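Overview (structure and organization)
The primary structure of each chain is shown beneath.
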Amino acid sequence: MGKDVAILDIGSCKLIFATGRKNSIGSCEVSSFSWIPYDGYYNGDFLNVEKLLDDVKKVYSQANVIKQPKCLYVGVPAEFSKVEAKSYLMNFGRERIISSSIIDELHSRGDQFSEGDDWEVFSSSAINYLLDDERNAVAPLGERAKTVKASISYMYIKKLFKQMFDAIAQELGFEEVKYISSPWAVATRFVDEDARYYGALSLDIGFTSTSLSFVKGDGIVKMATCDLGKGSIYGKLAQQLNVSFDEALSLEKSINLDFEALEGALYTIFTQEQVKTYRAKDVNNAVIARIKEIANFVNNEIAQDPNILPDTATLFLTGGGIAGIKGGLITLEKCLKRRVRGRAPGINNYDKPYFASMYALLDVACEINDNQNIWKKLF
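Please read these numbers as outputs of a predicted model, since none were measured by experiment.

**Examining helix α6 (residues 230–241)**
Across its twelve residues, α6 extends 17 Å between first and last C-alpha, which sits within 8% of the 16 Å expected from 1.5 Å per residue. Among the residues of α6, those classed as buried are Lys 230, Gly 231, Ser 232, Ile 233, Tyr 234, Leu 237, Ala 238 and Leu 241. The elements touched by buried residues of α6 are α7 (245–249), β16 (275–279) and α8 (280–304). Of the residues flanking the end of α6, it is Asn 242, one or two places downstream, whose phi is positive at about 60 degrees.

Below, the structure written as structure tokens:
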């Protein structure tokens with residue numbers, strides 16, 4: 001087993017700090033863990049920058065790390081990154097065995113984007129390799145070919161985001177910081193490999209933000225975000241019922257969208273002052289309307305680029321946005337008119353959809369830590 005790695009997962013309403021390593025059978029084991037709610041971000045900006053350092057210090061201290069790793073791996077949310085795809089062709093003139101150095105050179109040559117004041121490239125991953133204009137391959141290492149055309153996804157990070165967390169990591173005593181795209185980590189860990197070969201969708205519904213990734217091969221072809229999530233579902237429900245947000249949220253465990261609510265069916269919540277009841281049909285319709293908004297966001301993004309993925313592409317769902325709603329996944333599937341598969345980490349104590357990003361980051365960080373050649377290849 002390798003040494004522990006440290007990750008910081010930055011959600012739209014919570015921060016997670018964790019350390020862990022891979023065990024003898026290749027699964028991640030969490031050594032220390034802590035999460036806290038914080039003010040979060042909205043439309044690509046942190047809502048309370050002044051308090052961000054204190055928030056990260058708090059989640060770090062509560063994890064009670066015994067031995068701090070030298071490097072901190074920071075997950076970059078979709079709101080603080082963007083993606084561009086580019087192709088590059090190498091013609092060897094004669095048949096050659098595709099080596100790791102050739103693959104590295106393809107990634108390096110393709111990285112010819114002009115970096116502006118606000119963004120910089122921080123990772124690359126392969127969408128597809130075309131050998132001799134006829135053979136597709138996601139992993140061409142060891143194959144023979146005269147020509148290789150690489151389609152590569154390049155991920156950009158907001159420089160301001162990087163500057164902030166470089167400073168925060170230094171304040172915490174880490175010697176090094178490495179950045180991993182959270183959507184990319186989730187896509188490569190929770191979207192099936194055969195689905196990625198043909199093309200799939202990865203949707204993470206959070207509290208105040210939802211991110212959508214068009215996944216192909218080992219790369220993300222397109223990425224989009226919207227300000228919908230658990231917060232908007234219960235925020236609008238609270239307005240419709242004329243109750244507080246917390247009261248609306250307390251209905252989550254009662255809601256069941258698997259069946260159409262009968263006319264007289266009621267949902268009940270218990271507060272310190274009284275017992276309150278609400279028509280199940282009204283509540284269900286309000287929640288379904290919000291799920292339809294998320295589905296419309298996904299369908300609109302697909303309609304803008306209909307040729308990226310096949311019409312039958314499966315959508316893989318993570319995040320805690322609708323995970324607590326009985327029938328939420330099926331409702332989303334009906335709205336999208338495509339197959340939806342919910343995914344969650346398969347490890348004890350963390351087997352929930354809202355831990356997918358944390359687990360994916362930890363798994364990628366362990367892989368990089370055990371084999372630095374992966375870091376050179378991807379980053």
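That was the structure; now back to the text.
**What to know about the nonpolar core**
Counting residues in hydrophobic clusters, the biggest one holds 58 residues, and the most contacted among them are Ile 10, Phe 46, Phe 161, Phe 165 and Ile 180. Sorting elements by how many residues they give to this core places helix α10 (residues 356–370) first, with ten residues. Discounting chain neighbours no more than four positions away, the residues touching Phe 161 are Ile 10, Phe 46, Val 74, Gly 75, Val 76, Pro 77, Phe 80 and Tyr 179. Counting residues in hydrophobic clusters, the runner-up holds 43 residues, among them Cys 226, Leu 228, Ile 233 and Tyr 267.

**Focus: the sheet that holds strand β3 (residues 28–37)**
Spatially, β3-β2-β1-β6-β11 is the arrangement adopted by the five strands of the open sheet, whose pairing is mixed. Strands with a single pairing partner mark the edges of an open sheet, and in this sheet they are β3 and β11 (176–181). Each strand axis lies, on average, 20 degrees off the axis of its neighbour in the sheet, ignoring direction. The pairing of strand β2 (residues 14–22) with β3 spans nine bridges and is classified as antiparallel. Across the sheet, residue Thr 19 finds its bridge partner in β3, namely Ser 32. With respect to the sheet, helix α1 (residues 49–62) is in contact with β1 (5–10), β2 and β3, its orientation differing from that of β3 by roughly 140 degrees. Running at roughly 145 degrees to β1, α10 makes contact with β1, β2, β3, β6 (71–76) and β11 of the sheet.

What counts, and where the lines are drawn
- Residues numbered from 1 in each chain as written.
- Predicted model: local features only at pLDDT ≥ 70, side-chain atom pairs only at ≥ 80, totals over all residues.
- Heavy atoms only, no water.
- Helix = DSSP H or I, 4+ residues; strand = E, 2+ residues; numbered from the N terminus.
- Expected span 1.5 Å × (residues − 1).
- Buried < 20%, exposed > 50% of the residue type's maximum accessible area, 1.4 Å probe, protein only.
- Contact = heavy atoms within 4.5 Å.
- Core = buried A, V, L, I, M, F, W, Y, C linked by side-chain atoms within 4.5 Å.
- Pairing = 2+ DSSP bridges.
- Axes fitted to C-alpha atoms, helices over the stretch in contact; angles between N-to-C directions.

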